[in-house]
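Here's the letter readout for the chains.
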Amino acid sequence: IPPNPNSQPMAATAMEHDGGAEVVVTPGELLGPSSSLEAGRGAYADGRSVRASVTGRRRFVAPAPGSSDQRSTVEVVGHKAHGAVPQPGSIVIARVTKVMARMASADIMCVDSKAVKEKFTGMIRQQDVRATEIDKVDMYQSYRPGDIVRALVLSLGDARAYYLSTAKNELGVVSAQSIAGGTLVPTSWTEMQCELTGQIEQRKVAKVE
């Protein structure tokens with residue numbers, strides 16, 4: 001019997017797509033529409049979407065019988081050994097990887113003094129470098145690739161990167177190498193000096209504790 005050309009295949013739901021296999025998702029990854037899914041642990045509602053806030057396995061929980069809300073709950077269950085995960089309000093240590101005119105990107109290495117076991121990317125935007133004279137911030141005089149910075153996690157931003165801030169005295173560059181390859185020593189809030197050459201370089205320096 002030839003198939004009926006007018007029949008439409010049933011739209012597969014995310015649950016059917018899983019097919020029993022575990023689907024691993026990463027922070028910021030789309031889990032489904034908020035119209036049919038409720039955000040459980042490890043997930044958050046982002047407008048009309050539900051997204052993952054941690055790295056882990058996606059899991060769906062059916063609504064309770066008789067519940068007025070018939071949406072399924074989606075959870076992201078973290079790996080048992082996933083290590084620390086950045087959260088808004090966390091203090092992180094990160095290595096600057098790229099500096100651009102309006103932002104710098106960095107790889108997060110520690111969260112609240114605990115090492116991470118997977119890659120998390122941070123972005124420091126021009127307006128989040130310092131608390132004063134924000135309009136005069138020069139990214140190239142604040143950070144250089146390879147700098148180690150202490151920063152505050154503001155939120156989960158775009159493209160699975162966390163927005164970071166160094167706009168406090170105790171936040172900013174904590175360790176850096178000079179252009180000549182020597183260790184840079186803080187001399188003020190905005191300058192560090194090379195131990196080898198004595199050359200002064202500009203940075204957004206963290207207050208030394």
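Look a little higher up for the structure.
Predicted model, so just to flag it, every value in this text is computed and none were measured.

Peer 1: A description of the overall build of the protein should follow, citing residues and the corresponding values.
Peer 2: Summing up its helical and strand segments, the protein has one helix and 16 strands in all. Contacts in the protein between residues far apart in sequence, at least 24 positions, make up 50% of those at least 6 positions apart.

Peer 1: Tell me about the sheet that holds strand β2 (residues 30-33), and please be specific about residues and values.
Peer 2: Strand order in the open sheet formed by three strands is β2-β5-β4, and the pairing between neighbours is antiparallel. The open sheet has two edge strands, β2 and β4 (43-46), and neither has a second partner. This sheet shows a mean twist of 25° between the axes of neighbouring strands, independent of strand direction. Sheet topology note: the β2/strand β5 (residues 49-52) ladder contains three bridges and is antiparallel. When the sheet's bridge partners are listed, Leu30 is paired in β5 with Arg51.

Peer 1: Got a sec to walk through the sheet that holds strand β16 (residues 200-202)? Specific residues and values, please.
Peer 2: The strand order β14-β15-β16 describes an open sheet built from three strands, whose pairing is antiparallel. At either end of the open sheet lies a strand with only one pairing partner, and these are β14 (184-186) and β16. Averaged over neighbouring strand pairs, the angle between their axes works out to 40° when direction is ignored. Note that β14 and strand β15 (residues 191-194) share three bridges and pair antiparallel. Each residue of the ladder has a partner; that of Pro186, found in β15, is Met192.

Peer 1: Kindly report on the pattern of salt bridges, identifying the contributing residues and their values.
Peer 2: Two side chains bearing opposite charge may form a pair once their charged atoms approach each other closely. Taken as a whole and assessed by the stated rule, the structure comprises eight salt bridges. Where Arg59 meets Glu75, a salt bridge forms, and the shortest distance between an N and an O atom there is 2.7 Å. Taken as a pair, Arg59 in strand β6 (residues 56-61) and Glu75 in strand β7 (residues 72-78) lie far apart in primary sequence, 16 residues in all. For Arg59, a relative accessible area of 38% gives the class partly exposed.

Peer 1: Which residues make up the pairing of strand β8 (residues 91-99), and what values do they have?
Peer 2: As paired strands, β8 and strand β11 (residues 148-156) are joined by five bridges and run antiparallel to one another. Along β11, the bridge assignment pairs Ile91 with Leu152. Where β8 hands over to strand β9 (residues 103-111), the hairpin turn is made up of three residues, counted between the paired strands.

Peer 1: Lay out the packing of aromatic side chains with the relevant residues and their values.
Peer 2: According to the stated counting rule, one finds one aromatic pair in the structure shown. Aromatic side chains Phe120 and Tyr162 sit 6.0 Å apart centroid to centroid with 75° between the ring planes, which places their arrangement in the edge-to-face category. Here Phe120, found in strand β10 (residues 114-125), pairs with Tyr162, found in strand β12 (residues 161-165); they are 42 residues apart in sequence, far enough to count as distant. Between the NZ or CZ atom of Arg125 and the centre of the ring of Tyr163, over which it lies, the distance is 3.8 Å.

Peer 1: Describe the nonpolar core, with residues and values.
Peer 2: Generally speaking, nonpolar side chains in soluble globular proteins are found buried as a group. With 38 residues, the main nonpolar core has Leu31, Ile108, Tyr143 and Leu164 as its most contacted residues. Residue assignment places this core across two domains, with domain 1 (24-78) and domain 2 (90-202) each supplying three or more. Ignoring any residue separated from it by four or fewer positions in sequence, one finds Tyr143 in contact with Val96, Val99, Ala104, Ile124, Val129, Val149, Thr166, Val173, Arg203 and Lys204.

Peer 1: Can you tell me about the side chain of Glu201, naming the residues and giving the values?
Peer 2: Residue position: Glu201 is located in strand β16. Looking at Glu201, its side chain comes within polar contact range of the side chain of Arg144, at 3.4 Å. Engagement of the side chain of Glu201 in a polar contact is seen with the backbone nitrogen of Ile179, the distance being 2.8 Å. The contact partners of Glu201, leaving out residues within four places of it in the chain, are Arg144, Gln177, Ser178, Ile179, Leu184, Thr190, Glu191 and Met192.

The rules behind the values
- Residues numbered from 1 in each chain as written.
- Predicted model: local features only at pLDDT ≥ 70, side-chain atom pairs only at ≥ 80, totals over all residues.
- Heavy atoms only, no water.
- Helix = DSSP H or I, 4+ residues; strand = E, 2+ residues; numbered from the N terminus.
- Contact = heavy atoms within 4.5 Å.
- Pairing = 2+ DSSP bridges.
- Axes fitted to C-alpha atoms, helices over the stretch in contact; angles between N-to-C directions.
- Salt bridge = Lys/Arg side-chain N within 4 Å of Asp/Glu carboxyl O.
- Buried < 20%, exposed > 50% of the residue type's maximum accessible area, 1.4 Å probe, protein only.
- Phe/Tyr/Trp six-rings, centres within 6.5 Å; stacked < 30°, edge-to-face > 60°.
- Lys NZ or Arg CZ within 6 Å of the ring centre and 35° of its normal.
- Core = buried A, V, L, I, M, F, W, Y, C linked by side-chain atoms within 4.5 Å.
- Domains from an automatic or database assignment.
- Polar contact = N/O pair within 3.5 Å; in protein donor to acceptor, adjacent residues only side chain to side chain.

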